[in-house]
2 protein chains.
Amino acid sequence: MTVEQWERWREKIHRQLAEERDAAIALLADWVREPSVQGAERSIQEQIAERLAAMGLEVDLWIMEGDELLNHPYFVSPRTTFAESPNVVGVWKGTGGGRSLILNGHVDVVPAGDEQQWTDAPFSGRVLDGKLYGRGATDMKGGNLASLLAIQTLQALGVRLKGDVIYESVVEEESGGAGTLATILRGYRADAALVPEPTNMKIFPKQQGSMWFRLWVKGRSAHGGTRYEGVSAIEKSMRVLDAIRRLEQERNDRIDDPLYAKLPIPIPINVGVIEGGKWPSSVADLVKMEGRMGVAPGEEMEQAKAEMEQALSKLAEEDEWFRDHPVELEWFGARWVPGAVEMDHPLMELLAETYRQVMGEPPVIEASPWGTDGGLLTKLADTPAIVFGPGVTQVAHYPNEYIELEAVFQCAEIIALTMLKWCGIAEEGADEQ
Amino acid sequence: MTVEQWERWREKIHRQLAEERDAAIALLADWVREPSVQGAERSIQEQIAERLAAMGLEVDLWIMEGDELLNHPYFVSPRTTFAESPNVVGVWKGTGGGRSLILNGHVDVVPAGDEQQWTDAPFSGRVLDGKLYGRGATDMKGGNLASLLAIQTLQALGVRLKGDVIYESVVEEESGGAGTLATILRGYRADAALVPEPTNMKIFPKQQGSMWFRLWVKGRSAHGGTRYEGVSAIEKSMRVLDAIRRLEQERNDRIDDPLYAKLPIPIPINVGVIEGGKWPSSVADLVKMEGRMGVAPGEEMEQAKAEMEQALSKLAEEDEWFRDHPVELEWFGARWVPGAVEMDHPLMELLAETYRQVMGEPPVIEASPWGTDGGLLTKLADTPAIVFGPGVTQVAHYPNEYIELEAVFQCAEIIALTMLKWCGIAEEGADEQ
């Protein structure tokens, strides 16, 4: 196909998206108004399944369960039942002979946090100055909408593709990818995948992995009025936090991948939860901390674990309290496998090309500062996954999370064009004039 | 009375206590086996009321309530109902013409803390090598037993006193003295009071007061993978803890009362509880800390509060985050009024004299490193209160709390002799031979 023909496709897709714009924004607002925190995804997933069925996709909605999943080495989840968290996959069957594509996105969102820091209600779905606000708008319901619009737009233009397009609306990404793991065990795979997580429209062939950890810091209780007779687990936790900062520094000093050049801390270690002590006038004898450790794309997760263990055991050298009362370390909850796709993978080249076609400039290509379900697809499903989506990373997990609506439509346009080229055109719709 | 006659009294009391020893230890074990944490004091209080009644005291058991108490400026409590926490007072009426004495002690105990740090069960009441183990053994059921034994022993010797002895078994000391406040509002007062808190047999004419505070430290949430885009309330809490340490240093540098000379930190500030963040891979946007601030005997509580406020507001000078996000400070829960009795108060002199008589050496006189209900008695009930009791301060609020049984009996002997001299002897029992 000539450059001119592709440009006509771009224009048709662009016009079609413009027609669907108002309805699409209303749909995104509906999605954001669903507070689909973990354990409460049923409502939004049933709506999505219904919509995919109405679009003619083969829809699969199921509750994840069974030993194969629960005992899988890559299964991690704080939960053991997913009764209110169905997974949904819709397959837009191709006519055959083309390359298949997975569009993977999660509907679970992190909790709203301190509601007083939100200007509107956390799940408002309010639209103001081209932005749609609410928890999950950017992470990642905006990206999910872009994927859905890409399919819907090609359908509206009368297109049929040769390869299958597999739309995966998964749960449980925010604590480690059990939803995507379940799609893989159920047999879904493809020649490649796009994961429209909020990359601010950058293309991320590499994704940082991560693991959750829990630390138990010990002290010795005493009456607060003679606190010097006890050992405060809260004060000892400050030492532990210092040690974690130093470990983070060491690990990041080693990163020389140019894809990470612009990130202040390529693989951060975040301590997100602290909890300890039971009584204001007693010295705290135990503090629990929970956090997330970043894992570099080329790094083995076991290697990263060993470094954390070593950093904690070195505490005994600077403070003998830790010799007799070592910090206890557990790996729990979530884990995201790091992912990496070659820079010259055909989908990388195609995505960069359609990006240039739509945006009029070359894309920024970087490594993601956080894990996604892309790692599981690449590693376990032999489905190389690229992360690319609308939404400013800086607002994900923040109060007043929002998404720039214009980016959602630009992303939909890029995905639709990419699908056309990747899967191949079997039937074209009649031109409107 | 001659020195020889007093020495005969001491011997009679000593012998009588030796006879009651086994039964007394069994009673203390029973008391310690009652897990009388706050809100669960009914069972032990009913047993004590029954025992006092059997000893012929006028017993008053009541549930504290009413506006006068609940709206009193010195009322502080985390609770609004005391339905399971009756107060008990027993009055051993004198024949008249003598000085009255309050024996005040609390039956509420702090929670056991991390049970894994206890060798036995926290409420075992186990006796080993002259020590009785369990939460509350030293703080302050051992002291309560010493008071009870003093009365019981004089009764067994056939003594009647001129002045009243008022045995107060109160609740709620561990969070600020509402139990003792209720006894004062109910009209109980005396010419002086003894509070047998665990002073390790030192005499404390001055008691440190204290207040509970709660701090809210703010951050700004972000995804843990780009943690540098947020502000961690956990890291900011480390700064707040530093500021509190500096304030504690300044406040203690000012203390020059020789009664405090042996204490490493005369008026400590203890942060006993920390809690913040909701998600391991989010930057924590809010941390709560709770603690206890010591107040010097001569200090106004409002002055101490102002110093804490100032220390927190100075944080803005070293870290501009705090300028726009100041730490919020609340005073809540418990408060103990500092207390001070003159060194030459007649009960001080008498107590020191009987101490020498029983122990064969002069007492150690210091200021207490923690608040007691004595402050309320001194300040509100015009009842100068001295704190003196068995038990090693270092084990109060610790795992494996215990009391040295020998000290309980020594203390009972000293209190019994003191009562004889303070209240005056109206009838002596017949000598046994």
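Residues numbered from 1 in each chain as written. Chains lettered and ligands numbered in written order. Predicted model: local features only at pLDDT ≥ 70, side-chain atom pairs only at ≥ 80, totals over all residues.

**Thoughts on the overall build of chain A**
As a reminder of what qualifies: Put simply, DSSP marks the helices as runs of H or I at least four residues long and the strands as runs of E at least two long, and each gets a number from the N terminus on. Every radius of gyration here is taken over C-alpha atoms, with the globule rule written as 2.2 Å times N^0.38, N being the number of residues. As a rule, residues whose C-beta atom has 12 or fewer other C-beta atoms within 10 Å are exposed, those with 20 or more are buried, and those in between are partly exposed; C-beta atoms are placed from the backbone. Residues are scored as being in contact if the C-beta atoms we place from backbone atoms lie within 7 Å.
When its secondary structure is counted, chain A shows 12 helices and 18 strands. For a compact globule of 433 residues, the expected C-alpha radius of gyration is about 22 Å, and chain A comes in at 23 Å, within 12% of that figure. By its C-alpha atoms, chain A is 85 × 45 × 40 Å across when sized along the principal axes. In chain A, buried positions account for 56% of the 433 residues. Long-range pairs, those at least 24 residues apart, make up 82% of the contacts in chain A with a sequence separation of at least 6.

**Overview of the packing of helix 6 (residues 233–253) of chain B against helix 7 (residues 301–313) of chain B**
Residue and element names in this part refer to chain B. To keep it simple, the criterion reads: Only the contacting stretch of a helix is used when fitting its axis, a line to C-alpha atoms as for every element, and angles between N-to-C directions run 0 to 180 degrees. The scheme is simple: roughly parallel for angles under 35 degrees, roughly antiparallel for over 145, roughly perpendicular for 65 to 115, oblique for anything else. Handedness of each helix crossing follows the sense of rotation of the near helix against the far helix: counterclockwise by less than a right angle gives left-handed, clockwise gives right-handed. Side-chain classes are defined by residue name, with Ala, Val, Leu, Ile, Met, Phe, Trp, Tyr, Cys and Pro counting as nonpolar, Asp, Glu, Lys and Arg as charged, and the others, Gly among them, as polar.
Taken N-terminus to C-terminus, the directions of helix 6 and helix 7 make an angle of 135 degrees; their axes are 10 Å apart at the nearest point. By the angle between their axes, helix 6 is oblique relative to helix 7. Handedness of the crossing formed by helix 6 with helix 7: right-handed. Contacts between helix 6 and helix 7 pair A243, L247 and R251 from the former with E307, M308, A311 and L312 from the latter. Its residues assigned to classes, the contact of helix 6 with helix 7 comprises 5 nonpolar, no polar and 2 charged.

**Quick notes on the interface of chain A and chain B**
To keep it simple, the criterion reads: Here, strands pair whenever DSSP counts at least two bridges between them.
Each partner contributes residues to the interface: chain A has 55 residues there, and chain B has 54 residues. Where the side of chain A that touches chain B is concerned, the elements lending two or more residues are strand 10 (209–218), helix 6 (233–253), strand 11 (269–276), strand 12 (286–295) and strand 13 (328–336) of chain A. Broken down by element, the side of chain A that touches chain B gets its largest block of residues, 7 residues, from strand 11 of chain A. Of the residues that constitute the side of chain A that touches chain B, the class distribution is 26 nonpolar, 21 polar and 8 charged. Pairing analysis gives 3 bridges linking strand 11 of chain A to strand 11 (residues 269–276) of chain B, with the strands arranged antiparallel. Directly across from I274(A), in strand 11 of chain B, lies its bridge partner G276(B).

**A look at the relation of the copies chain A and chain B**
Short version of the rule: To superpose the copies, least squares is applied to the C-alpha atoms of every residue with a pLDDT of at least 70 in both.
The two copies are related by a screw motion: chain A maps onto chain B through a turn of 180 degrees and a shift of 0.1 Å along the axis, at an RMSD of 0.1 Å. Both chain copies can therefore be described as sitting about a two-fold axis. Using C-alpha coordinates, one finds that chain A approaches the rotation axis most closely at E275(A), a distance of 2.1 Å. Interface overlap between copies is the fraction of interface residues in one copy that are interface residues in the other; for chain A against chain B it reaches 98%, indicating a shared surface.

**Overview of the pairing of strand 3 (residues 101–106) of chain A**
Residues and elements named next belong to chain A. Of all 6 residues making up strand 3, 6 are buried, and the element is well covered by its neighbours. Residues L101, L103 and G105 of strand 3 are buried on one face, and the alternating residues I102, N104 and H106, pointing to the opposite face, are buried as well. Pairing of strand 3 with strand 7 (residues 165–170) involves 6 bridges; the strand directions are parallel. Within strand 7, the position partnered with G105 by the bridge is S169.

**Some details on helix 1 (residues 3–33) of chain B**
Residue and element names in this part refer to chain B. Stated precisely, the cut-off is as follows: Two axes are fitted around each residue, one to the seven residues ending there and one to the seven starting there, and the angle between them is reported as the bend at that residue.
Remark: the principal bend of helix 1, roughly 55 degrees, maps to R21. The set of residues buried in helix 1 consists of W9, K12, I13, Q16, L17, A24, L28, W31 and V32. Looking at the buried residues of helix 1, the elements they touch are helix 2 (42–54), strand 5 (131–133), helix 4 (137–156) and helix 12 (405–423).

**Structural notes on helix 12 (residues 405–423) of chain A**
Note the cut-off: The span expected for a helix works out to 1.5 Å for each residue beyond the first.
Given a rise of 1.5 Å per residue, 19 residues ought to cover 27 Å, and the 27 Å separating the end C-alpha atoms of helix 12 of chain A matches this to within 8%. Here helix 12 of chain A lies mainly inside the structure; 16 of its 19 residues are buried.

**Looking at the confidence of the model for chain A**
Stated formally: As a per-residue quantity, pLDDT reports the predictor's confidence and falls between 0 and 100.
Summary statistics for chain A give a mean pLDDT of 95 and a share of 99% for residues scoring 70 or more. As scored by the predictor, the complex reaches a pTM of 0.76 and an ipTM of 0.75.

**So, the environment of A430(B)**
Mapping A430(B) onto the fold places it in the segment after strand 18 (425–427). Distance from A430(B) to G158(B), taken between C-alpha atoms, is 7.1 Å for residues 272 residues apart in sequence.

**Structural notes on the domain arrangement of chain A**
All names here are of chain A. Counted only if it meets this: Domain extents, as shown, originate in an automatic or database domain assignment.
Each domain of chain A was delimited in the assignment, giving domain 1 (3–207 + 338–427) and domain 2 (210–335). Between domain 1 and domain 2, the C-alpha centre-to-centre distance is 34 Å. With 15 residues of domain 1 at the interface, the matching set in domain 2 holds 15 residues. Where the side of domain 1 that touches domain 2 is concerned, the elements lending two or more residues are strand 9 (203–207), strand 14 (339–340) and strand 15 (365–368). Here the side of domain 1 that touches domain 2 takes 3 residues from strand 15, the largest share from any one element. Classifying every residue of the side of domain 1 that touches domain 2 gives 8 nonpolar, 5 polar and 2 charged.

**A word on the packing of helix 1 of chain B against helix 4 of chain B**
How two helices sit against one another is set out by the angle between their axes and by the gap between those axes. Residues and elements named next belong to chain B. Across the interface, helix 1 lies against helix 4 with an axial gap of 9 Å and an inter-helix angle of 140 degrees. Here helix 1 lies oblique to helix 4, going by the angle between them. As helix 1 packs across helix 4, the resulting crossing turns out to be right-handed. Contacts between helix 1 and helix 4 involve I13, Q16, L17, E20, A24, L27, L28, W31 and V32 from the first element and A137, K141, G142, L145, L149, Q152, T153 and A156 from the second. Looking at side-chain class alone, the contact of helix 1 with helix 4 contains 11 nonpolar, 4 polar and 2 charged residues.

**A few points about the sheet that holds strand 5 of chain B**
Strand-to-strand pairing in sheets goes through backbone hydrogen bonds, with the strands running parallel or antiparallel. Residues and elements named next belong to chain B. Strand order in this open sheet of 3 strands is 4-5-17, and the pairing throughout is antiparallel. Two strands close off the open sheet at either side, each with one partner strand: strand 4 (127–128) and strand 17 (402–404). As defined by bridge partners, strand 5 adjoins strand 17 across 3 bridges and the pair is classed as antiparallel. What sits directly across from L132, in strand 17, is I403. Together, strand 4 and strand 5 form the strand contacts of helix 1, whose direction differs from that of strand 5 by roughly 20 degrees. Where helix 4 meets the sheet, its contacts fall on strand 5 and strand 17, and the angle it forms with strand 17 comes to roughly 45 degrees.

**Examining the nonpolar core**
What counts, and what does not: Any nonpolar core is a set of buried residues, restricted to Ala, Val, Leu, Ile, Met, Phe, Trp, Tyr and Cys, that join up through C-beta atoms within 7 Å.
Ranked by size, the top nonpolar core spans 253 residues in total, and within it L101(A), I386(A), M419(A), L101(B), I386(B) and M419(B) carry the most contacts. In contact with M419(B), other than residues within four places in its own chain, are L101(B), A150(B), L154(B), L161(B) and V165(B).

**Quick word on the pairing of strand 7 (residues 165–170) of chain B**
Consecutive side chains of a regular strand alternate in pointing toward one face of the sheet and then the other. Residues and elements named next belong to chain B. Across the 6 residues of strand 7, 6 count as buried, placing the element largely inside the fold. Burial along strand 7 is two-sided: the residues V165, Y167 and S169 and I166, E168 and V170 are all buried. In the sheet, strand 2 (residues 87–92) pairs with strand 7 via 5 bridges, with the strands oriented antiparallel. Note on strand 7: the bridge partner recorded for G90 is Y167.

**Remarks on the sheet that holds strand 12 of chain A**
The strand order across the open sheet formed by 8 strands is 13(A)-10(A)-12(A)-11(A)-11(B)-12(B)-10(B)-13(B), and the pairing between neighbours is antiparallel. Two strands in the sheet have a free side with no partner beyond their single neighbour: strand 13 of chain A together with strand 13 (328–336) of chain B. When the angles between neighbouring strand axes are averaged without regard to direction, this sheet yields 25 degrees. Judged from the 10 bridges that link them, strand 10 (residues 209–218) of chain B and strand 12 (residues 286–295) of chain B form a sheet pairing that is antiparallel. Opposite W212(B), over in strand 12 of chain B, you have R292(B) as the bridge partner. Sheet strands in contact with helix 6 of chain A are strand 10, strand 11 and strand 12 of chain A together with strand 11 of chain B, and its direction is about 170 degrees off that of strand 11 of chain A. On top of the sheet, helix 6 of chain B reaches strand 11 of chain A together with strand 10, strand 11 and strand 12 of chain B; it is set at about 170 degrees to strand 11 of chain B, its chief contact.

**So, the environment of E19(B)**
Residues and elements named next belong to chain B. With respect to the helices and strands, the residue E19 is situated in helix 1. Among the residues examined, E19 registers 11 C-beta atoms within 10 Å and is labelled exposed. Between the C-alpha atoms of E19 and P35, which are 16 residues apart in sequence, the distance is 28 Å.

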